[in-house]
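Residue-level structure breakdown
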Amino acid sequence: MAVFLLRRLASAVVLLFAASFIAYLMLYPAAGDIARNILGENATEAQVALKNHELGLDQPLILQYLAWLGRALTGDFGSSYFASQPVLKILEVRLPVTISLVVVVTLLTGVLAFAVGLLAAVKKGWIDRTLQVLATLGDALPAFIVALFLVTLFAIQLKLFPATGYVALTKSPLDWARTLTLPVIALTIGGVAGVAQQVRSSALEVLRHDYVRTVRSRGLSERRIILTTVLRNASVNGLTTLAVHVVGILGGAVVIESVFALPGLGSLAVESTSRTDLPLILGVILAVVLIIVIVNLVVDIVVAWLNPKVRLS
């Protein structure tokens, strides 16, 4: 297991470096407009050139990246061009919002998807057919459409939940839950159907294996067989699908945070991109990649525990 973890950690570090370089490469063509955006349209060419020199934007791409990387390795991700605050300080405020959203949605999606998927595989019949219909609807409905419906019904008309805003967990756990309820539901609906489909397919395949019939012949209860043998073997594909879905959650967070006015990484990404705030954009990208890496690392550990063959592959 130690060697397995070291390999995963090494690949995670490589991924972070690759993501930062690719992001820098893609943002480089827009670097020429940053100084003018900061100084305004009335700035002269000389003032723009001086500002580019101050920011180091007149250097070749590789030198700019290496300079940024050298500072980043010491924990200095620079300062926002427009907010005049360190990137890390801004991320410290925004990151807990997105992490709260991602963690709650991922856990809720996993619990519901595994429960529904197992139930559909075991019971079949109308439960299975209902899952197929819901899976199709869940994939077809965009998250922002669901979000707008939820806001209109539960926030504006029924006034059960706040339409916008966010309250930190440390300030009020109840208000924190109320501000996240609608965004979580909007992001969970599509994910549950997709992951449940994968769990259902894996569970049906496991149920057809000979070792399940062997376990049944020992006189064990059906519930114990389902919750141990079937669930353990069907969880690998389900967890892998759930990990992939986290990327979708982070992508959906960009829209959902805008709809519900949540001050997270999604809304920050929109703001920083519209202003070409290079240090802030890179900080957001690395924060998102880091969340994905951590989630995938946790899933890899759980999958390796469930299936020892994974550690040897």
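Heads up: these notes are all about the structure in this document. (Residues numbered from 1 in each chain as written. Predicted model: local features only at pLDDT ≥ 70, side-chain atom pairs only at ≥ 80, totals over all residues. Heavy atoms only, no water.)

A closer look at the overall build of the protein
- Scanning the protein from terminus to terminus reveals 13 helices and 0 strands.
- Along its sequence from the N terminus, the protein presents helices and strands in the succession α-α-α-α-α-α-α-α-α-α-α-α-α.
- Here the protein holds 313 residues, and 41% of them are scored as buried.
- Averaging the positions of the 24 positive and the 17 negative side-chain charges in the protein gives two centres separated by 17 Å. (Helix = DSSP H or I, 4+ residues; strand = E, 2+ residues; numbered from the N terminus. Buried < 20%, exposed > 50% of the residue type's maximum accessible area, 1.4 Å probe, protein only. Lys, Arg positive; Asp, Glu negative; His and termini not counted. Charge placed at Lys NZ, Arg CZ, Asp CG, Glu CD.)

A closer look at a nonpolar patch on the surface
- Together, V133, L134, L137, L141, F144, I145, L148 and V255 make up an exposed nonpolar region whose accessible area comes to about 690 Å².
- Within the secondary structure, V255 is located in helix α10 (residues 222-259). (Patch = residues over 30% accessible without salt bridge, like charges linked within 9 Å, V, L, I, M, F, W, Y side chains within 5 Å. Areas by Shrake-Rupley, 256 points an atom, 1.4 Å probe, with all protein chains shown as cover. Salt bridge = Lys/Arg side-chain N within 4 Å of Asp/Glu carboxyl O.)

Remarks on the packing of α10 against helix α11 (residues 265-274)
- The geometry of α10 relative to α11 is characterised by a closest axis approach of 7 Å and an angle of 90° between their N-to-C directions. Accordingly, the angle class assigned to the pair α10 and α11 is roughly perpendicular. Contacts between α10 and α11 involve A253, V254, E257 and S258 from the first element and L265, G266, S267 and V270 from the second.
- When its residues are assigned to classes, the contact of α10 with α11 shows 4 nonpolar, 3 polar and 1 charged. (Axes fitted to C-alpha atoms, helices over the stretch in contact; angles between N-to-C directions. Parallel < 35°, antiparallel > 145°, perpendicular 65-115°, else oblique. Contact = heavy atoms within 4.5 Å. Nonpolar A, V, L, I, M, F, W, Y, C, P; charged D, E, K, R; others polar.)

Things to note about the environment of V184
- Examined against the element boundaries, V184 turns out to sit in helix α8 (residues 173-207).
- Residues V184 and L101 lie 83 residues apart in sequence; the distance between their C-alpha atoms is 6.5 Å.
- Among residues more than four places away in sequence, those in contact with V184 are L101, V104, V105 and L108.

Section: α10
- Counted at 1.5 Å a residue, the expected span for α10 with its 38 residues is 56 Å, but the 45 Å between its end C-alpha atoms falls short.
- Within α10, the axis deviates most sharply at L231, by approximately 50°.
- Of the residues flanking the end of α10, it is A261, one or two places downstream, whose phi is positive at about 55°. (Expected span 1.5 Å × (residues − 1). Bend = angle between axes of the 7 residues up to and from the residue.)

Some words on the environment of V247
- Its location among the elements puts V247 in helix α10.
- Look at V247 and you get partly exposed, because its relative accessible area is 41%.
- With 41 residues separating them in the primary sequence, V247 and V288 have C-alpha atoms 8.9 Å apart.

Describing the pattern of salt bridges
- On inspection of all chains with the given rule, the structure shows 3 salt bridges.
- Across the pair E54 and K51 runs a salt bridge whose closest N-O atoms are separated by 3.7 Å. Here K51 and E54 lie together in helix α3 (residues 45-55), a separation of 3 residues that amounts to about one turn.
- Residue E54 is classed as exposed on the basis of its relative accessible area of 53%.
- When its relative accessible area of 23% is taken as the criterion, K51 is described as partly exposed.

Overview of the environment of V254
- Its location among the elements puts V254 in helix α10.
- By relative accessible area, which is 29% here, V254 ends up partly exposed.

Let's talk about unusual backbone geometry
- In this model, K159 sits at a positive phi of 55°, which is unusual for a non-glycine residue.
- The residue K159 is located in the loop between α7 (143-157) and α8 in this model.
- In the Ramachandran plot, A261 falls in the positive-phi region, its phi being about 55° despite a non-glycine side chain.
- Along the chain, A261 falls in the loop between α10 and α11.

Let's talk about the side chain of S80
- Looking at the element boundaries, S80 is found in the loop between α4 (61-72) and α5 (87-123).
- Overall, the relative accessible area of 4% leaves S80 in the buried class.
- A distance of 3.0 Å separates a polar side-chain atom of S80 from the backbone nitrogen of A83. (Polar contact = N/O pair within 3.5 Å; in protein donor to acceptor, adjacent residues only side chain to side chain.)

Focus on the packing of aromatic side chains
- The tally for this structure, following the rule as stated, stands at 5 aromatic pairs.
- One aromatic cluster is present, built from ring pairs that chain together F21, Y24, Y65, W68 and F77. (Phe/Tyr/Trp six-rings, centres within 6.5 Å; stacked < 30°, edge-to-face > 60°.)

As for the packing of α5 against α11
- As a packed pair, α5 and α11 sit with axes 8 Å apart at the nearest point and diverge in direction by 130°. When the interaxial angle is binned, α5 and α11 end up oblique. Every residue of α11 that contacts α5 at I90, L91, R94, L95 and T98 is listed here: L265, G266, S267, L268 and E271.
- In terms of residue class, the contact of α5 with α11 is built from 5 nonpolar, 3 polar and 2 charged.

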